[in-house]
Structure formats: structure tokens, C-alpha cells
Amino acid sequence: MPKLYLIGASLAAACVCVSGAHADELQNQIVAAAKGASPSAYSFRRAMTIQQTGKPRKILVEQYDPRRPAADQWSLVSVDGRAPTAKESADAHKMKRGPVPSYGELAKWVGAPASRTNPGPGYVLYHFARLPAGTLKIGSHDASADTQAEVLVNIKAKTPLVEHVRLKSTKGFRMMLVAAIDSIMIDQRYRVLADGHAVPSQAISDMSGSMLGKAGRLQAEADYSDFKAAR
């Protein structure tokens, strides 16, 4: 797979600009495929490694099963290699969660205006100068307008596959008056299962900022495995 360039680096090459009103045909194909990827199609396991300034590294393993009642679809399997305590399980159960990780999430924004380059045979790279409103929310703050994106698309197969997405903030912001976010980097990868459906493979985030004037960094890596059809 060719190198995924840093944000903006590929723009040194000649690019084909996508109309602000319409996505190009490849983007339309990607959006159509993503819309067909339901987050409830599979159960899966997610291993989360979290590293925060001043705290020990923590590894959480969770199970997602869409066949369960909505409130019980996520369950905590282990904490740092051991069975979770009753309190840890209860806290995880009450945790507020965003959308279930899915290839389908790309349909919400990958058809937006972008520039396009060809980084190597069989691949197309899109650069988004900003994301559509509501795409990236950190707490109550919508960081979409101040976030750039690169999307690497594998076009070797009959159905194009977004293999790699990289998001990078271009502007810091404040939250709840006491917290400041200086930078955000998010790296997402996708793969195709044996049945031909695309699913998340890995997501890495790196956020730097401060709380009450004290600088810190939060890094997280999520690895997805054990996909099973929920039928």
C-alpha cells in the first residue's frame, strides 16, 4: 500500500478539484457502499489501549452485540487482562457512547467537496479542507469546520474501499471554560471481511491540551476483531 501522506503534503502534486455542489463518481460509489454497511450487521470485540498524562496505561476489552437490548449492547469483558469488577462493569454500562463504529459512518461526509490525487497505482487520495458540520464532535463542541481530512481509497477491487482516514485539527478550542484542546489527530483504518463487507479495523486518536492550566495528552488505540454476523 502506498504511503498515506501527511495532511496537505499531497497537494504539491496536480489535483483535480471536486465541484462544491457535487461529489465525483468515485465518491458516489463510496457513499453508496458505506450506506449499505449497517452497524447492526455484526457483533464484534474492541480492545482499547488508553494512555493519559499522569495516569497508568489502561487496556479495556469490550464486546458489542446488536442482538441485545439497546442498553445492553456494549459489555465490558476485561480490564488490564483481568475480569472487571462489579463497579467497573456498572460504570461501563452507564457510559455515554457515540455512534457504533461502522464503515457506514463515512457516508455522512465522504461525499463532501474535496481535492483528488493519485498517490500510486490502484489508489486515489482525497483531501478535505474541512468536514461538514456535525461530523466531528468533542463533547458539545463541533470541531468539523476546523478539521482537515485525508481519505485513501483502494480502487483495485470492483467495489472501492476506503482503507485509511486521517483527521487533523487546524485550530484549538475551549470546553466548559476550564479545558483547552490544542490539537487532535485521528487515524482510522478499514478492511474487508471474507463475506465482502467493510468494517473498522483500527482507530488511533491523539489529543493534546490542558485542564485548569495543566498541560496533558490523551492517546487511545482501538483494535476491532471477532466480527460475527448478527443473524
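Residues numbered from 1 in each chain as written. Predicted model: local features only at pLDDT ≥ 70, side-chain atom pairs only at ≥ 80, totals over all residues. Heavy atoms only, no water.

> Residue-level account of the nonpolar core, with values.
If you look at the biggest cluster of nonpolar residues, it comprises 34 residues, and the most contacted ones within it are Tyr-103, Trp-109, Tyr-126, Phe-128, Val-151 and Val-162. Taken together, the elements giving at least two residues each to this core come down to helix 1 (25–35), strand 6 (123–128), strand 9 (147–154), strand 10 (161–169), strand 11 (173–175) and strand 12 (179–192). Per-element accounting of this core gives the leading share, 5 residues, to strand 12. The residues touching Val-162, leaving out its near neighbours within four places in the chain, are Ile-30, Tyr-103, Leu-106, Val-151, Leu-152, Val-153 and Tyr-190. (Core = buried A, V, L, I, M, F, W, Y, C linked by side-chain atoms within 4.5 Å. Buried < 20%, exposed > 50% of the residue type's maximum accessible area, 1.4 Å probe, protein only. Helix = DSSP H or I, 4+ residues; strand = E, 2+ residues; numbered from the N terminus. Contact = heavy atoms within 4.5 Å.)

> Tell me about a nonpolar patch on the surface, and name the residues and values.
Residues Met-176, Leu-177, Val-178, Met-211 and Leu-212 make up a contiguous nonpolar surface patch of roughly 590 Å² in combined accessible area. By secondary structure assignment, the location of Leu-212 is in the loop between strand 13 (198–211) and strand 14 (214–229). By relative accessible area, Leu-212 is classed as exposed at 69%. (Patch = residues over 30% accessible without salt bridge, like charges linked within 9 Å, V, L, I, M, F, W, Y side chains within 5 Å. Areas by Shrake-Rupley, 256 points an atom, 1.4 Å probe, with all protein chains shown as cover. Salt bridge = Lys/Arg side-chain N within 4 Å of Asp/Glu carboxyl O.)

> Tell me what's going on with the confidence of the model for the protein chain, and back it up with residues and numbers.
The predicted coordinates should not be examined in detail at positions where pLDDT is low. Per-chain confidence: the protein chain averages 89 in pLDDT, with 90% of residues scoring 70 or above. Confidence drops under pLDDT 50 across residues 1–22; counting only partners more than four residues distant or on other chains, this segment forms 50 contacts. (pLDDT = per-residue confidence, 0-100.)

> Explain the environment of Leu-106 residue by residue, including any values.
Relative to the helices and strands, Leu-106 resides in the loop between helix 2 (86–94) and strand 5 (115–120). We classify Leu-106 as buried; its relative accessible area is 1%. Sequence separation between Leu-106 and Ser-89 is 17 residues, and the spatial gap between their C-alpha atoms is 31 Å. Leaving out residues up to four positions away in the same chain, Leu-106 has contacts with Ala-34, Val-162, Val-165 and Tyr-190.

> Kindly report on unusual backbone geometry, identifying the contributing residues and their values.
Positive phi outside glycine occurs at Asp-80, with the angle close to 55 degrees. Note on placement: Asp-80 falls in the loop between strand 4 (74–79) and helix 2.

> Summarise the pattern of salt bridges; cite the residues concerned and give the values.
A complete count under the given rule lists 11 salt bridges for this structure. The partner of Asp-80 in a salt bridge is Lys-58, with the nearest N and O atoms 3.9 Å apart. Here Asp-80 is found in the loop between strand 4 and helix 2, whereas its partner Lys-58 is found in strand 3 (residues 58–64), with 22 residues between them in sequence. Judged by relative accessible area, which is 41%, Asp-80 ranks as partly exposed. Since its relative accessible area comes to 34%, Lys-58 is described here as partly exposed. Glu-88 is the partner of Arg-82 in a salt bridge, and the nearest nitrogen-oxygen pair spans 2.8 Å. Its relative accessible area of 37% is what places Arg-82 among the partly exposed residues. Overlapping salt bridges, with partners in common, bring together Arg-46, Glu-62 and Arg-97 in one network.

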